[in-house]
Amino acid sequence: MKKWRMWIVLSVLCSILSGCWSSTPIEDLDMQIGVALDSAEESGETGVANPEYGNHTKPAKIISTYQFTIPQGSGGALMKSAGNSIKNYYNMSETSDSIFEAIRQLSLRTRRTPIGHHLKVIVISEELARSNNLTKLIDFFTRDNDIRPSVMLFVTKGKAKDVFENTLPGQAPSFVLEGIFNNRDRNMGIWEPVTLAKVVGPLEGKRSFLLQNVIPYEKEIKLAGAGVIKGSTGKLVGFLDESELEGMVWLTGKGIGGVLKTYDPNNHNLITYEVKSMHSKIKANVNNGQISFNVKVKSTGRYAEVFAKESKKLHDGIVKKDKAVLQKHVVEMMQTTVKKMQKELHTEAAGFGTSLRNQHPAVWRSVKDNWDETFSEIPITYEVNLNIEEYGASDTSAE
Amino acid sequence: MWNEVIELIPSWGVVFQGIMIFCVPFFLLRTISWAKAKEDRITTRAEKATGSKGGGVSNVGASGRTSILEGPEEQSSSEIVTKDRGTRITYSGHLKEDLQKFKELSADMHDVNVRELRIGSIKTRAALLYVNGLTDKDKMDQNILKPLMNAYQPFKNMDTIPEAKDLQDILIHEILLISEIELTEDTNLSLQKVLFGSVVLLVEGISGALVLSSPKGNTRGIQEPESEAVLRGSRSGFNETLSDNTAILRRHGQSTELAMISFTVGKRMQKELILTYIKDVANDELVEEVKRRIKTIDIDDVQESGYVEQLIEDNSYSPFQQIQNTERPDRVMAALLEGRVAILIDGTPFALIMPVTLGMLLQSPEDYNDRWMVGSLIRLLRFFAAAISLFAPALYISFLSFQPGLIPTKLAISIISSRQGVPFSVLIEALIMEISIEILREAGLRLPKPIGPAMGIVGGLIIGQAAVEAGIVSPILVIVVSVTAVSSFSMPMYSAGMTLRMLRFAAMFFAAIFGLYGVVLFFLLLSSHLIKLKSFGVPYLGLAVPNKTVNWKDFIFRMPLQFLTGRPTLLKPKDPLRKG
């Protein structure tokens, strides 16, 4: 009987002694929701951590700005009354050449432990992205166990820190940035969300890709085109503006919905087409070693706005004419984008390489080492087929 | 070279880990097997099963029974164990002497009455012995006293008092208007019968007592079972009278295969126990095993079927009930038709059904009474509720103190804000609420009916609201706790809900110590226990493991009745098909 008791006591002791092993109550945690990476040389700032303390002779290279949430009040009553007017985030900056060191420096300043589970966005400044390989910048975030591979990456013209300062009251910039991708069916100026997981592959495979560009805009933030990361260097080579990004969306067929606006060249009337769906196919042709591409784009949609000199009934003839105008406009947009990639950026980020690799693997092997340069000389033809399915509730054009 | 070898020798930490990995499971195993051996020694189940020690006794085929008229099979006449009582006192045939003997035996029982009389025309002296209140006096006057005293017709042509044997024959066959008559020579036995409501007739010249059954116990009528109410289905529940209960089962439908085997249990307070099964369905081995276990029951008094349940179950260290208790006759009948057996005991409305599988605890007769889609969905809902009531607080604790990354961001923010200013750790906070809910439940049970709902309001609203406003607990926890409590009440078997509620606390401690990993460990522990657990030779997880597709037709989903052609194969019924 004594033995029996002893074992009970022992097993109880075992569990009590282990206690709440490595438990961290959630209220003592600080949730990082966004990180902004800036180049320290650009601004000349030395950061908050004063190098006078201790022997930190660190080459201050990166200013990392962490955005945390401020959980508001206890219980519902306070949140309801104050929910939309109080700033519910705060930013903390640290300067270090190591991003990991920077985040641990934060522990000198705050009682609560920063955790990365809920990190949503990483914004990288143009200056930093142009001078550093992206692999190095995101290494910590891809390596850390807590941080999800679903964190979205952005670049910004200007300072990344500024992006985190601007938002409507009651909203955290990081959440706004994350949520803005829900509007992809509304506007074609939004590139697909690029997460850490999607970046690692292209970076390793030396493929070029786009990162959405976000800029501070008055008191808010705005998506404005995209930055092009060159695969061979992993660095930012330039930006596509909003209409060039739209051209890219048409090229790749990655759009979900949005607006296509143009003017009738004959009478300068506005034609607005709402894109309901789109699909593109890049066909690689190899003729005697000469590579060429043919891009086929198909889309269905409807009239959003139709203007004319006088109100007239819409019929197949008008639809056919407008279709041709719209198709021409799409081709022009795509041509602009391709021209920019070929002549200015010397970077191919639209998936032509992938098509060539899939369709002519032998040819691809011979050109892949110098693909970006090869691409600059390749002729590309376009075929666009828009299908205007309906006029909407009104069957006449507006005066 | 030696250096290379020495490098391979693990450090003390690794050696210690290795020792612990071996020792902890080893000693756990030893402890458990030791406890099991101990249990066997205490109850000496094996010894009793072989009959070397006293226990429940079967009535069927037992010697010493002198039933004259065959009553129905389930008649409540019980056999007495006289072997412990020392000397046997028998009747001599002289009324005065016999009365004297009887009175000596019942010296301190003043509620035993004697009514002396003379039988009809032959004027033979006789005496009726009965107990006030237990005997139906109207019936006794009409059917015993009146025919005896007016007995002129049977003795019309007789001048002398007939022989004892003839007299007895005349009494039984021509005079007494009682269906159940027993003749016994044993004074003790007759006293016992009197004390249970029968009337004993002593006649001058007959060396024995006629036990005339006319008991009138005050019984509760058939009412709706309170612990297992259903919306659609039979409203009748068992009551405290065994004969009523067996009658309800018999009345369920006409069948000649419904067996009811009577046993007597309890050493000091003898009670009747009836084992019932369907002869051409129930597996013989199962029936024999249940009989064997009933015979091992060795206890002063079986107050309720819970006693029997605990005395014959497979594993008393398991938190899960291996025998189902129910107040519903339809549930018993359904179980019998599946090939299970049931035990009814005098004095309790709760019948026992065995063997049991986990799925049964989550079933309700309504699943079959309603159409199959509704039945399946509701059953699915119950499985879900069972999972919630077992794991919800544990998951709450582990998410909040170990895995904040698993909470959706917006919820995490609102949890953080709601927990600002809560002074306790998550475990303590959860324990406070869980324990107060349990106290409320227990208090609500004890309170008189009109106050019960008021208690719910006080507990649920005021304590919950006030605790949140006072900052003792967070509002999210109140939601978790109340959802958990409601889920555990949705179990159709109250006792199954109790098991889950009890295990919930264990899960909470596991979660507090190891987080989600602990919850997984707890689940594995529970699963390994359940896999090993057996109820009368049938695996407890029966329908799920071992996996047979046939059994899944009536497990989580209930297929339409036309597909439910077979009985559960695990029970190995004699007739495996329900139809066709």
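So, how was this worked out
- Sequence positions are assigned chain by chain, starting from 1 and proceeding in written order.
- All chains are assigned letters beginning at A, and all ligands numbers beginning at 1, according to the order in which they are written.
- Where local features are concerned, this predicted model is filtered to residues with pLDDT of at least 70; where side-chain atom pairs are given and counted, the filter is 80 or more; whole-chain, interface and lining totals use all residues.
- To obtain the side-chain values, all non-hydrogen atoms of the structure were used and water was disregarded.
- UniProt positions are given in the numbering used here, feature names are shortened, and annotations may be inferred rather than shown by experiment.
- Here a strand is any run of E in DSSP of at least two residues, a helix any run of H or I of at least four, and the numbering for each starts at the N terminus.
- Relative accessibility under 20% of the residue-type maximum defines a buried residue, over 50% an exposed one, and the middle range a partly exposed one, all with a 1.4 Å probe and only protein chains included.
- Should any heavy atoms of two residues lie within 4.5 Å, those residues are counted as being in contact.
- Method for areas: the Shrake-Rupley scheme with a 1.4 Å probe, in which residue coverage is limited to the protein chains shown.
- His is not counted, nor are the chain ends; Lys and Arg add positive charge and Asp and Glu add negative charge.
- Think of each charge as sitting on NZ of Lys, CZ of Arg, CG of Asp or CD of Glu.
- Each of two parts loses accessible area, computed with a 1.4 Å probe, when they are put together; buried area is these two losses added.
- By convention in these notes, a salt bridge is any Lys or Arg side-chain nitrogen within 4 Å of a carboxyl oxygen on Asp or Glu.
- Counting of polar contacts relies on pairs of N or O atoms within 3.5 Å, with two restrictions inside protein: one atom must be capable of donating a hydrogen and the other of accepting it, and residues adjacent in sequence are counted only when both atoms are side-chain atoms.
- Any two strands with at least two DSSP-identified bridges between them are counted as paired.
- Think of each axis as a best-fit line through the C-alpha atoms, taken over the contacting stretch in the case of a helix, with angles from 0 to 180 degrees between the N-to-C directions.
- Residues grouped as a nonpolar core are buried Ala, Val, Leu, Ile, Met, Phe, Trp, Tyr and Cys residues, joined through side-chain atoms within 4.5 Å.
- Domains are outlined according to an automatic or database domain assignment.
- Patch construction takes residues with relative accessible area above 30% that form no salt bridge. Like charges are linked within 9 Å, and nonpolar side chains (Val, Leu, Ile, Met, Phe, Trp, Tyr) are linked within 5 Å.

Per an unreviewed UniProt entry, chain B goes by Spore gernimation protein and derives from Paenibacillus etheri.

Within the UniProt record for chain A, the comment given under Subcellular location (unreviewed entry) is "Membrane". Recorded in UniProt for chain A, the comment headed Sequence similarities (unreviewed entry) runs: "Belongs to the GerABKC lipoprotein family."

S.K.: How do you make sense of the overall build of chain B when you look at a structure like this?
M.R.: Looking only at helices and strands, chain B features 21 helices and 13 strands. A principal-axis box enclosing the C-alpha atoms of chain B has dimensions of 115 × 70 × 55 Å. Counting all 580 residues of chain B, 46% fall into the buried class. Residue pairs in contact within chain B that sit at least 24 positions apart in sequence constitute 68% of those at least 6 positions apart. By element, 61% of the accessible surface of chain B is carried by carbon and sulfur atoms, the whole surface being about 29400 Å². For chain B, the centre of its 61 positive side-chain charges and the centre of its 62 negative side-chain charges are spaced 3 Å apart.

S.K.: Would you take a moment to explain the interface of chain B and chain A for this structure?
M.R.: Often, the extent of an interface is quoted as the loss of accessible area on bringing the components together. With 25 residues of chain B at the contact, the number on the chain A side is 30 residues. Summed over both sides, the interface of chain B with chain A buries roughly 2400 Å², with 70% coming from carbon and sulfur. Inspection of the chain B/chain A interface yields one salt bridge. Here chain B and chain A share seven residue pairs in polar contact (both at pLDDT 80 or more) between them. Secondary-structure elements contributing two or more residues to the side of chain B that touches chain A are helix 2 (12–43), helix 14 (372–401), helix 15 (409–419) and helix 19 (494–514) of chain B. Here the side of chain B that touches chain A takes eight residues from helix 15 of chain B, the largest share from any one element.

S.K.: Quick question: what am I supposed to make of the environment of Ile190(A) here?
M.R.: Residues and elements named next belong to chain A. Tracing the backbone shows Ile-190 in the loop between helix 8 (173–179) and helix 9 (196–204). Accessibility expressed as a relative area gives 10% for Ile-190, which makes it buried. Between the alpha carbons of Ile-190 and Thr-336 there is a distance of 18 Å; along the sequence they are 146 residues apart. In this structure Ile-190 touches Ile-180, Phe-181, Asn-183, Arg-184, Gln-212, Leu-223, Leu-245 and Val-249, once residues within four positions along its chain are discounted.

S.K.: Would you explain the sheet that holds strand 13 (residues 380–390) of chain A in this entry?
M.R.: All names here are of chain A. Strand order in the open sheet formed by four strands is 10-11-12-13, with mixed pairing between adjacent strands. At either margin of the open sheet sits one strand with a lone partner, and together these are strand 10 (258–263) and strand 13. Pairwise comparison of adjacent strand axes, ignoring direction, gives a mean angle of 40 degrees for this sheet. The pairing of strand 10 with strand 11 (residues 270–287) spans six bridges and is classified as antiparallel. Its bridge partner lying in strand 11, Thr-262 is registered against Ile-271.

S.K.: Can you walk me through the nonpolar core in this structure?
M.R.: In summary, soluble globular proteins display a tendency toward joint burial of nonpolar side chains. Counting 83 residues, the largest nonpolar core has Trp250(A) and Phe352(A) as the members making the most contacts within it. Per-element tally for this core: the top contributor is helix 11 (residues 316–345) of chain A, with 11 residues. Counting the residues that make up this core, at least three belong to each of domain 1 (25–240) and domain 2 (242–399) of chain A. Every residue in contact with Trp250(A), bar those within four places of it in the chain, is listed here: Met188(A), Leu260(A), Val275(A), Met278(A), Ser280(A), Val297(A), Ser299(A), Val330(A), Met333(A), Met334(A) and Leu386(A). Within the second largest apolar cluster, 51 residues are counted, among which are Ile115(A), Ile413(B), Leu477(B) and Met491(B).

S.K.: Could you clarify how one ought to interpret the sheet that holds strand 6 (residues 209–212) of chain B in this entry?
M.R.: The strands making up a sheet associate through backbone hydrogen bonding, with each pair oriented either parallel or antiparallel. All names here are of chain B. Read from one edge to the other, the open sheet built from five strands follows the order 2-3-5-6-4, with strand pairing classed as antiparallel. In the strand order of this sheet, the two ends are held by strand 2 (112–119) and strand 4 (181–184), each with one partner. Ignoring strand direction, the axes of neighbouring strands in this sheet form an average angle of 25 degrees. One ladder, built from four bridges, connects strand 5 (residues 199–203) with strand 6; its direction is antiparallel. Note on strand 6: the bridge partner recorded for Val-199 is Leu-212. Along the sheet face, helix 6 (residues 164–175) touches strand 2, strand 4, strand 5 and strand 6 and points at about 145 degrees away from the line of strand 5. Against the sheet, helix 7 (residues 187–195) contacts strand 2, strand 3 (124–131), strand 4, strand 5 and strand 6, and its axis sits at roughly 55 degrees relative to strand 3.

S.K.: Help me out: how do you make sense of the domain arrangement of chain A in this one?
M.R.: All names here are of chain A. Each assigned domain of chain A is listed with its residue range as follows: domain 1 (25–240) and domain 2 (242–399). The C-alpha-based centres of domain 1 and domain 2 are spaced at 33 Å. On the side of domain 2, 23 residues touch domain 1, which itself brings 27 residues to the contact. A combined buried area of about 2000 Å² lies between domain 1 and domain 2, and 64% of that area is made up of carbon and sulfur atoms. Taken as a group, Met-188, Trp-191 and Leu-240 account for 39% of the area that domain 1 buries against domain 2, more than any other trio of residues on that side. At the junction of domain 1 and domain 2, the tally comes to three salt bridges. For Lys-222, the salt bridge is made with Glu-242, and the minimal N-O distance between the two is 3.9 Å.

S.K.: Explain the domain arrangement of chain B to me, please; I cannot follow it from the model alone.
M.R.: Looking at chain B, the domain boundaries give domain 1 (72–212), domain 2 (242–356) and domain 3 (371–539). Here the C-alpha centroids of domain 1 of chain B and domain 2 of chain B sit 33 Å apart.

S.K.: Please clarify how a nonpolar patch on the surface should be interpreted in this entry.
M.R.: Together, Met373(B), Val374(B), Leu377(B), Ile378(B), Leu380(B) and Phe557(B) make up a nonpolar patch on the protein surface, roughly 530 Å² of accessible area in all. Secondary-structure assignment places Leu377(B) in helix 14.

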